[in-house]
Amino acid sequence: MTGPILSGLDPRFQRTLYAHVGKEGSWTLDYYLRHGGYETAKRVLKEKTPEEVIEEVKRSGLRGRGGAGFPTGLKWSFMPKDGKQHYLICNADESEPGSFKDRYILEDVPHLLLEGMILAGYAIGATVGYIYVRGEYRRAADRLEQAIKEARARGYLGKNLFGTDFSFDVHVHRGAGAYICGEETALMNSLEA
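Structural notes, computed from the coordinates. Here the structure is a predicted model, which is why all the values come from computation and not from measurement. (Residues numbered from 1 in each chain as written. Predicted model: local features only at pLDDT ≥ 70, side-chain atom pairs only at ≥ 80, totals over all residues. Heavy atoms only, no water.)

**Comments concerning the overall build of the protein**
- The helix and strand tally for the protein stands at nine helices and three strands.
- Mapped from its N terminus to its C terminus, the protein presents α and β elements in the order α-α-α-α-α-β-α-α-β-α-β-α.
- For the protein, the proportion of its 193 residues judged to be buried stands at 41%.
- Partitioning the contacts of the protein with sequence separation of at least 6, the portion at a separation of at least 24 is 72%. (Helix = DSSP H or I, 4+ residues; strand = E, 2+ residues; numbered from the N terminus. Buried < 20%, exposed > 50% of the residue type's maximum accessible area, 1.4 Å probe, protein only. Contact = heavy atoms within 4.5 Å.)

**Observations regarding the nonpolar core**
- Membership of the largest hydrophobic core comes to 46 residues, with the highest contact counts inside it found for Y38, L114, I118, I131 and F168.
- Broken down by element, this core gets its largest block of residues, nine residues, from helix α7 (residues 110–124).
- The residues touching I131, leaving out its near neighbours within four places in the chain, are C90, A92, L113, L114, M117, L144, V170, H171, V172 and H173. (Core = buried A, V, L, I, M, F, W, Y, C linked by side-chain atoms within 4.5 Å.)

**A look at the sheet that holds strand β3 (residues 169–174)**
- Spatially, β1-β2-β3 is the arrangement adopted by the three strands of the open sheet, whose pairing is parallel. For this open sheet the edge positions go to β1 (86–92) and β3, each flanked by a neighbour on one side alone. On average, each strand axis in the sheet is tilted by 20° relative to the strand beside it, whichever way the strands run.
- In the sheet, β1 pairs with strand β2 (residues 126–133) via seven bridges, with the strands oriented parallel. Bridged to N91 within β2 is Y132.
- Set on the sheet, helix α8 (residues 138–153) makes contact with β2 and β3; between it and β3 the angle comes to about 160°. (Pairing = 2+ DSSP bridges. Axes fitted to C-alpha atoms, helices over the stretch in contact; angles between N-to-C directions.)

**Comments concerning the pattern of salt bridges**
- For the structure shown, the criterion picks out eleven salt bridges.
- The salt bridge involving D30 is made with R154; its shortest N-O contact spans 3.1 Å. Here the residue D30 occupies a position in helix α2 (residues 29–34), and R154 occupies one in the loop between α8 and β3, the gap between them amounting to 124 residues.
- Residue R154 is classed as partly exposed on the basis of its relative accessible area, which comes to 44%.
- Among the ionic pairs, D142 bridges to R174, the shortest N-O distance being 2.6 Å. Remark: R174 occurs in strand β3 and D142 occurs in helix α8; sequence separation between them is 32 residues.
- Among the residues examined, D142 registers a relative accessible area of 43% and is labelled partly exposed.
- Several salt bridges converge on common partners, so that one network encompasses R103, E107 and R139. (Salt bridge = Lys/Arg side-chain N within 4 Å of Asp/Glu carboxyl O.)

**Observations regarding the packing of aromatic side chains**
- Overall, the coordinates contain seven aromatic pairs when judged by the stated rule.
- Between F70 and F78 the ring centres are 6.3 Å apart and the planes differ by 55°, which places this aromatic pair in the tilted class.
- By relative accessible area, which is 38% here, F70 ends up partly exposed.
- Three or more aromatic residues joined by ring pairs make a cluster, and in this case those are Y32, Y38, Y156 and F162.
- Across the ring face of W27, the terminal group of R143 is positioned such that the distance to the ring centre comes to 3.5 Å. (Phe/Tyr/Trp six-rings, centres within 6.5 Å; stacked < 30°, edge-to-face > 60°. Lys NZ or Arg CZ within 6 Å of the ring centre and 35° of its normal.)

And the structure:
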């Protein structure tokens, strides 16, 4: 996809993150698998430790997509290795006026998001993930929920992923359209309510 919406983006993102946005059927599992989907998660879960994943993400320079651009690997390294239940939360509320940086991913490549969450969950020791979706994003939430069903049916979410001891599942939470939920602690309070 090109044009005015994506023209200002770094070309690397157009080649990777947004490469399949706007393609017919890109939101389906079959499409994602035809384009190498879930292969990275399979390989990583079988060949790398969570600590190795965190170190690789640190070396990559990957940063969060929010305004602060916080280093992702550093953030993941803060998670305590205490054996307690950890949760991974994806903030897809996108409540900034006129902001659609995540909407395309949610609607057109939801399996890419799910695979990323599997990798993040593995790295930080989380077995449950929540995607907090802006209430007005009905199509995005519907496609995410369909993608989750497809992934569960094929064993890409749930118990013992890809024949490993790692289990991970994802749930969608539809927000009520409150601007404040773009802030992480407000989002968590809303999720728990």
